[in-house]
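Architecture and fold: a report
Residues per chain are reported as follows:
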Amino acid sequence: MSYLGIDLGTSGLRALLLDESGAPLGAAERHYAAAHPHPGWSEQDPADWIAALEAAVAELREKCPDFSGLRGIGVAGHIHGATLLDAEDRVIRPCILWNDTRAHAEAARLDAMEGVRAASGNIVFPGFTAPKLEWVRAHEPDAHARIAKVLLPAAYLNLYLTGEHAADMSDSAGTAWLDVGARDWSDALLDAGHMRRAQMPRLVEGCERAGTLRPDLAAAWGLSGPVAVAGGAGDNAAAACGIGALNEGEGFLSLGTSGVLLAARDGYHPAPETALHSFCHAVPGRWYQMGVMLSAADSLTWLSSITGMGAAELTGALGDEIVAPGRVRFLPYLSGERTPHNDAQIRGSFTGIGADTTRDDLTRAVLEGVAYGLRDSLEALKAAGAEVDRLIAIGGGSRSRYWLRLIATVLGVPLDLPKDGEFGAALGAARLGLVAATGTAPEGVMTAPAIGESIAPVADLREAYDAGHAAFRRAYPAIRAIQ
């Protein structure tokens, strides 16, 4: 038997096939683009997701004989996306993605409404789904009037796979329509956003069976037995399943385009005033909280683009041993910020530049600015009662030992690096499919990876970086006041 995990990302889809022991059998990837028709807009055609899925499945069928024994599927998706369907399940308009900021005014209005934060446990961020629908209502009323269902990207793939409108709790928590503590749609939140419960998908836990693979798809894919399709998960919840972060305080640091610092929680501890995300986990009776910065590795990518040097070249020039923070400071708010500022309008800046400033100085400042931003998220987690003793580091930025040593020192916690292998959202999604198909307890499947290396904080530099973080915190209101 085999199990398929699908990671529906912003720039591409990754499909991972596991055997019944949880070991990888093969993987396939396909890529697609987002459209940006106006500044701050980010959209995708859901048909591109289906084409990517079918192409990835065709590749796996060709190179993995065990694909024919497929028994379970799980889908992880980029959260917050608004996929609008009419009564015939036809897509009304391109999906508005998580990193689309057009609805910032609608988000502020919803967030200011009495009872909204209390019901959802979260600030209504511009990227959330509810403000997107309010934007559509105001600017595309004909499209809004045709809406029969709103599905998140992972739920749209579930619809394609099963023919059913079903979504999991972790993904749905990022809509601002879910009562995250009760794990149910909130009629009050739906009313605030001019939506109806009938327009929402059926809710299931991420590791529960949401449906069965459609017979026509099963036949086209060369499958004979029934295939369970799990509820699935939002991408970060799936990544937590992939690295085994289920219990209180277990978590990870993701250094991707955006930066995420996530900690699993045994209970529901909302703290919207910190700008943390407090979401349901992909397994029953558990939640997680995370701080999100919008430009983590993307800040280094930006510096790479204007210096003409690759990111690995920039960080490689610094060596492996970190030094005390320098005079140059970088605020990593290239696309605004979520935790802790909830500020869609703030933009990044350098300060302290002199005639003697070098490219290496700018690189260090960028790496330090991202590390300080992640420290903001850690402090928010601590304020919410989370205890984080160590973190698993994942994402493209984790290839830089300098950056990891710097972040470990700024955070004051060790960072563990998994050995080579699968440990991301696709693995977590496949594990959800396995649990849904077999009924195995999640705790027996969502295990931590083998650790290949641990990066400890540099004790002699902790005090210097504590002072650097304090100065970083003071810089935000000063820069905000003059932008």
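The preceding data block contains the structure.
Residues numbered from 1 in each chain as written. Predicted model: local features only at pLDDT ≥ 70, side-chain atom pairs only at ≥ 80, totals over all residues. Heavy atoms only, no water.

Points about the packing of aromatic side chains
Aromatic rings considered in pairs are described by the distance between their centres and by the relative angle of their planes. Convention followed: In this analysis, rings of Phe, Tyr and Trp, with Trp reduced to its six-membered ring, are considered paired at centre separations within 6.5 Å, and the interplanar angle assigns stacked below 30 degrees, edge-to-face beyond 60, and tilted for intermediate values. The numbering of helices and of strands both runs from the N terminus, where a helix is a DSSP run of H or I of at least 4 residues and a strand a run of E of at least 2. Think of it in three bands: residues with accessible area under 20% of the maximum for their type are buried, residues over 50% are exposed, and the middle band is partly exposed, with areas taken using a 1.4 Å probe on protein chains only. Charge-over-ring contacts are defined here by two conditions on Lys NZ or Arg CZ: a distance within 6 Å of the ring centre and an angle within 35 degrees of the ring normal.
Within the structure shown, the criterion is met by 14 aromatic pairs. Aromatic side chains Trp-41 and Trp-135 sit 5.2 Å apart centroid to centroid with 85° between the ring planes, which places their arrangement in the edge-to-face category. Note that Trp-41 is positioned in the loop between strand S3 (24-31) and strand S4 (43-44) and Trp-135 in helix H4 (residues 129-139), a separation of 94 residues in sequence. The burial state of Trp-41 is the same as that of Trp-135; both residues are buried. On the basis of an interplanar angle of 50° and a centroid distance of 6.4 Å, the ring pair of Tyr-372 and Tyr-465 is categorised as tilted. Linking Tyr-372 in helix H13 (residues 359-383) with Tyr-465 in helix H16 (residues 462-482), this pair joins segments that are 93 residues apart in sequence. Classification of Tyr-372 by relative accessible area gives buried; the value is 2%. By way of ring pairs, the aromatic residues Tyr-333, Tyr-372, Tyr-465, Phe-472 and Tyr-476 are connected into one cluster. Against the face of Trp-41 rests Arg-102, its NZ or CZ located 3.6 Å from the ring centre. The ring centre of Trp-287 lies 4.9 Å from the NZ or CZ of Arg-183, which sits over that ring.

Looking at H13
Basically, it comes down to this: Here the expected length of a helix is defined as 1.5 Å per residue gap, with one fewer gap than residues.
Between the first and last C-alpha of H13 there are 36 Å, a value that for 25 residues agrees with the 36 Å anticipated at 1.5 Å per step. Where H13 ends, the next residue or the one after it, Gly-385, has phi of about 95°, a positive value.

Let's talk about the pairing of strand S18 (residues 277-280)
Selection criterion: Only strands joined by at least two bridges in the DSSP assignment are considered to pair.
Inspection of the sheet shows S18 paired to strand S19 (residues 287-293) by 4 bridges, in the antiparallel sense. Across the sheet, His-277 pairs through a bridge with Met-290, a residue of S19.

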